[in-house]
Amino acid sequence: MGWFSFTCCEDSTMVFIELLNERYARWKDLVDFRYFRTLKSKNDMTDLDIAFVEGAISNTREENLVKKIRDNCKKLVAIGSCACSGSPANQRNYFDKSTKEEIQFILDRFGHRDKVSALSEIIKVDDTVNGCPMEENVFLTKFDRYLREFGVIA
Ligand code: SF4
């Protein structure tokens with residue numbers, strides 16, 4: 001699996017780390033954490049079974065990377081409200097005209113897109129776990145389902 005964070009506060013990542021407190025002993029024999037920069041420094045995103053993607057897409061670098069992730073995984077799951085709907089990371093989409101003009105130089109300097117987008121506006125999303133941060137029980141139920149789906153557990 002891979003775990004990726006884009007524009008957001010990364011609280012769903014923190015929820016996952018908290019889950020590891022009780023589940024790492026079980027998951028370490030079942031799951032290959034192939035890409036998870038919060039957990040390790042050497043990461044490989046090629047040919048993943050499943051990619052969990054947190055956060056909204058706000059700049060062209062993120063847009064290109066999320067497309068690359070999509071090309072490298074069998075299943076892609078949007079994690080948390082920012083990834084699923086764009087909010088609340090997309091607040092600048094709703095700025096008034098003068099505020100937008102005020103921040104335009106920052107958008108230009110850092111290659112930001114005209115708007116901040118949910119993942120599904122850019123790539124195909126196979127599944128979602130909503131919540132801000134993600135709903136823990138929903139994630140755990142789906143995580144077990146994916147383990148079965150990929151033949152890891154019976
Ligand atoms: S959905 Fe909420 S918790 Fe998750 S990254 Fe966005 S603001 Fe943070």
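Conventions adopted
- Residues numbered from 1 in each chain as written.
- Predicted model: local features only at pLDDT ≥ 70, side-chain atom pairs only at ≥ 80, totals over all residues.
- Heavy atoms only, no water.
- Salt bridge = Lys/Arg side-chain N within 4 Å of Asp/Glu carboxyl O.
- Buried < 20%, exposed > 50% of the residue type's maximum accessible area, 1.4 Å probe, protein only.
- Core = buried A, V, L, I, M, F, W, Y, C linked by side-chain atoms within 4.5 Å.
- Contact = heavy atoms within 4.5 Å.
- Helix = DSSP H or I, 4+ residues; strand = E, 2+ residues; numbered from the N terminus.
- Polar contact = N/O pair within 3.5 Å; in protein donor to acceptor, adjacent residues only side chain to side chain.

Visitor: Before we go on, may I ask you to explain the pattern of salt bridges in this structure?
Guide: Opposite charge on two side chains allows them to pair when their charged atoms are near. According to the stated counting rule, one finds 14 salt bridges in the structure shown. Salt-bridge contacts for E121 lead to K115; the nearest nitrogen and oxygen are separated by 2.7 Å. With relative accessibility at 44%, the residue E121 sits in the partly exposed group. For K115, a relative accessible area of 40% translates into the label partly exposed. Overlapping salt bridges, with partners in common, bring together D32, R34 and D44 in one network.

Visitor: Help me understand the nonpolar core, please; the structure alone is not making it clear to me.
Guide: Within soluble globular proteins, side chains that are nonpolar generally end up buried alongside one another. Counting residues in hydrophobic clusters, the biggest one holds 21 residues, and the most contacted among them are M1, W3, F16, W27, F52, M134 and F139. Setting aside chain neighbours within four positions, we find M1 in contact with F16, V31, D32, F33, R34, Y35, F36, L48, I50, F52 and F143. Within the second largest apolar cluster, 18 residues are counted, among which are I57, V66, L76 and I122.

Visitor: It is not clear to me how the side chain of R113 should be interpreted in this structure. Could you clarify?
Guide: Considering the arrangement of structural elements, one finds R113 in strand β6 (residues 112–117). Judged by relative accessible area, R113 falls into the buried class, the value being 17%. A polar atom in the side chain of R113 sits 2.8 Å from the side chain of S117.

Visitor: Looking at this structure, I do not really get the environment of D114. What am I missing?
Guide: Positionally, D114 belongs in strand β6. Accessibility expressed as a relative area gives 77% for D114, which makes it exposed.

So far we have only geometry, and geometry alone does not tell us how the molecule works.
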